[in-house]
Amino acid sequence: MTDLSVANTAKKTAFDVDAIRRDFPILSQQVNGKPLVYLDNGASAQKPVAVLDAMDRYYREMHSNVHRGAHTLGDRATVAFEGARETVREFLNADSTREIIWTRGTTEAINLVANGLAPQLKPGDEILVSQMEHHANIVPWQMIAERTGAKVVPVQITPEGELDLESFNSLLNDRTRILAITHVSNVLGTVNPVAALVQQAKARGVLTLLDGAQAVPHYRPDVQALDCDFYVFSSHKLFGPTGIGVLYGRAQLLEEMPPYQGGGEMIERVSFERTTWNTLPYKFEAGTPAIAEAVGLGAAIEYLGRLDRRALETAEKALLDRANQLVETVPGMEIIGTAKHKVPVMSFKIAGLHPSDIGTLLDQQGIAIRTGHHCAMPLMDFYGVPGTARASFAFYNTLDEVEQLFTALQKVQRLFA
Amino acid sequence: MTACEQTFLNNPLGKDTTLEDVLDGFEFLDDWEERYAFIIDLGKQLPSFPDEARTEENYVHGCQSQVWLIHHYDEESGKLFLLIDSDAMIVRGLAAIILVALNGKTPRDLLATDIDELFEKLDLFRHISPTRGNGLRAMVGKIRDTAARVAAA
């Protein structure tokens, strides 16, 4: 433990946040006459020049449709597009690019899996989720539950915002068919012990899906080590473009699942008598894909690969620690989600203030946060709040910005006094 | 006359606090802090809202915070009286501005009032987010629908 912290301190000096901020041009602007302090990374992260350039270059030099044209541009586009798939495979440590499906994002990926597994479900089957899920990992399951007679069962959480393992153990039973759970909570920042949960689920033959949307900006997941059946995430939270995301799925399961959408690309042969499906991953990629976005996501992952991920984690932890220290400077401020293992996400409430009032008045001071229910209404119900204010940090945020947030919160409080 | 009707008729917004007061007030505010402090203060003038009226029927959809609207048509004077409630203070303030402009008018006068012009004069939209702007429009929309219904009855 001591050795590790020494190593981290040594690397911390090598971590130059000013240099990193120069990679993100959007950060150096003024909002409402104040320097922008962007603390809404949990909703969507900003993009480095490497991503913008990769997409620009793609459109300027190589755009054409993929897998089709008998010409040079078509080849270039296909090489770039499939190269990005390989980059994602490596990022997740998946076994094969056959297991990497492009989707529009996390939401579509979960819908795809839910629909693909629906034929295997029967009345009385249970789909285990948790109280802290984003609606994207609740509603698709509810929709197929309605179709199949299965039931969506939530694992309870503790007041600190950790998964209640007793509840998990008692709810995981012979009727459980699917465990669909978030790796990291978008509201609480809690990092769930997903490897252990997957292991327990698998021992009972339960299929497992991990929602990695909030995890990948902070950790590099290893799907083989996690041993999950499905892992999903969105590009735009991982410093890549919007409109694209990833479904990792175990090849054998993907083979068994029916296609999600029909159309071009996903077929092997079409006739009015009989149509057959393309091989993986194309079976699940009907229509012309988001090619430039795939290239952009590949560039984002490569950009992150050039940074010292351990140093970034240390820097992010320093941001959260500083924020936690400063909570007491705002009377009546309370953190929602105090799990031991957290990413730098801070949901909070301030006595007497509505989250939307806090958000509006922080925006006047150039500070961007998220307010509302964060697409996690069951979690809001658990805490008995209509919504929270949430500051979510990325490695390009500075300690000075954390301090500015608290100075601004004090000002907000004075205004309402 | 019921207590609730009294609340409607005694609402200071649009009666004691006039549009001129608000316009004059805004004129001398330079920075965002003064502007919002003024809006928040206006919100404090909203009369208390009856608990039992916080129903789905009276809920204004499209706002970030919870907003309720009820009305009372005074047959004697032919005027429409409004009460708005919200759990967010800035929304209460913006609701107060709307009431200053629209409360206690005949439905016909209410429908003839150009509220967008007022918002423009106050330069409100420049200082509030598009989502908040949508909430404002949702409130105004529900008030205008109510006025149109009463006028047609």
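The rules behind these values
- Residues numbered from 1 in each chain as written.
- Chains lettered and ligands numbered in written order.
- Predicted model: local features only at pLDDT ≥ 70, side-chain atom pairs only at ≥ 80, totals over all residues.
- Pairing = 2+ DSSP bridges.
- Helix = DSSP H or I, 4+ residues; strand = E, 2+ residues; numbered from the N terminus.
- Axes fitted to C-alpha atoms, helices over the stretch in contact; angles between N-to-C directions.
- pLDDT = per-residue confidence, 0-100.
- Contact = placed C-beta atoms within 7 Å.
- Expected span 1.5 Å × (residues − 1).
- Buried ≥ 20, exposed ≤ 12 C-beta atoms within 10 Å, placed from the backbone.
- Arc of directions from axis to C-beta.
- Parallel < 35°, antiparallel > 145°, perpendicular 65-115°, else oblique.
- Left-handed = near helix turned anticlockwise from the far one by under 90°.
- Nonpolar A, V, L, I, M, F, W, Y, C, P; charged D, E, K, R; others polar.

Next up on the list: the sheet that holds strand β13 (residues 333–336) of chain A. All names here are of chain A. On the basis of which strands lie adjacent, the open sheet formed by 4 strands has the order β13-β14-β17-β16 and antiparallel pairing. The sheet is open, and its two borders are formed by β13 and β16 (370–372), each paired with just one other strand. Pairs of neighbouring strands in the sheet enclose a mean axial angle of 30°, with direction left out of account. Of the pairings in the sheet, the one linking strand β14 (residues 345–350) to strand β17 (residues 388–392) comprises 4 bridges and is antiparallel in character. Bridge pairing in β17 links V345 to S392.

Further remarks concern the confidence of the model for chain A. Here chain A averages 95 in pLDDT, while 97% of its residues score no lower than 70. Predicted confidence is poor over residues 1–13 of chain A, with pLDDT under 50, and the contacts of this stretch with residues over four places away or in other chains come to 8 contacts.

Residue and element names in this part refer to chain A. Read from one edge of the open sheet, 7 strands run β4-β10-β9-β8-β7-β5-β6, paired in mixed fashion. The sheet terminates laterally at β4 (100–103) and β6 (151–155), the two strands that pair on one side only. The mean inter-strand angle of the sheet, taken between neighbouring strand axes irrespective of direction, is 20°. Here 3 bridges tie strand β8 (residues 207–211) to strand β9 (residues 230–234), and the two strands are oriented parallel to one another.

As a further point, take helix α3 (residues 49–62) of chain A. All names here are of chain A. Between the first and last C-alpha of α3 there are 19 Å, a value that for 14 residues agrees with the 20 Å anticipated at 1.5 Å per step. Taken residue by residue, α3 has V51, A54, M55, Y58 and M62 as its buried positions. The arc that holds the buried residues of α3, viewed along the axis, is 95°, so those residues lie on one side. Opposite its buried face, α3 presents the exposed residues D53, R60 and E61, each directed more than 90 degrees away. Packed against the buried residues of α3 are α4 (72–92) and α11 (291–306).

This part covers unusual backbone geometry. Residue and element names in this part refer to chain A. In the segment running from L280 into P281, the intervening peptide bond is cis, with an omega of 0°. Looking at where P281 falls in the secondary structure, it is placed in the loop between β12 (276–277) and α11. In this structure, N32 is a non-glycine residue whose phi angle is positive, near 50°. With respect to the helices, strands and loops of the structure, N32 is situated in the loop between β1 (30–31) and β2 (34–35). The class of N32 is exposed, set by 12 C-beta atoms lying within 10 Å. One non-glycine residue, F239, lies in positive phi territory at about 70°. By secondary structure assignment, the location of F239 is in the loop between β9 and β10 (245–249).

Moving on, we come to the packing of α4 of chain A against α11 of chain A. To describe two helices that pack against each other, one gives the angle between their axes and the distance between the axes. All names here are of chain A. It is at 8 Å that the axes of α4 and α11 come closest, and there the two elements cross at 45°. Our classification of the angle between α4 and α11 gives oblique. The two elements α4 and α11 meet at a crossing, and its hand is left-handed. Within the contact between the two elements, α4 uses A77, A80, F81, G83, A84, T87, V88 and F91 and α11 uses I291, A294, V295, L297, G298, I301 and E302. For the contact of α4 with α11, a count of residues per class yields 11 nonpolar, 3 polar and 1 charged.

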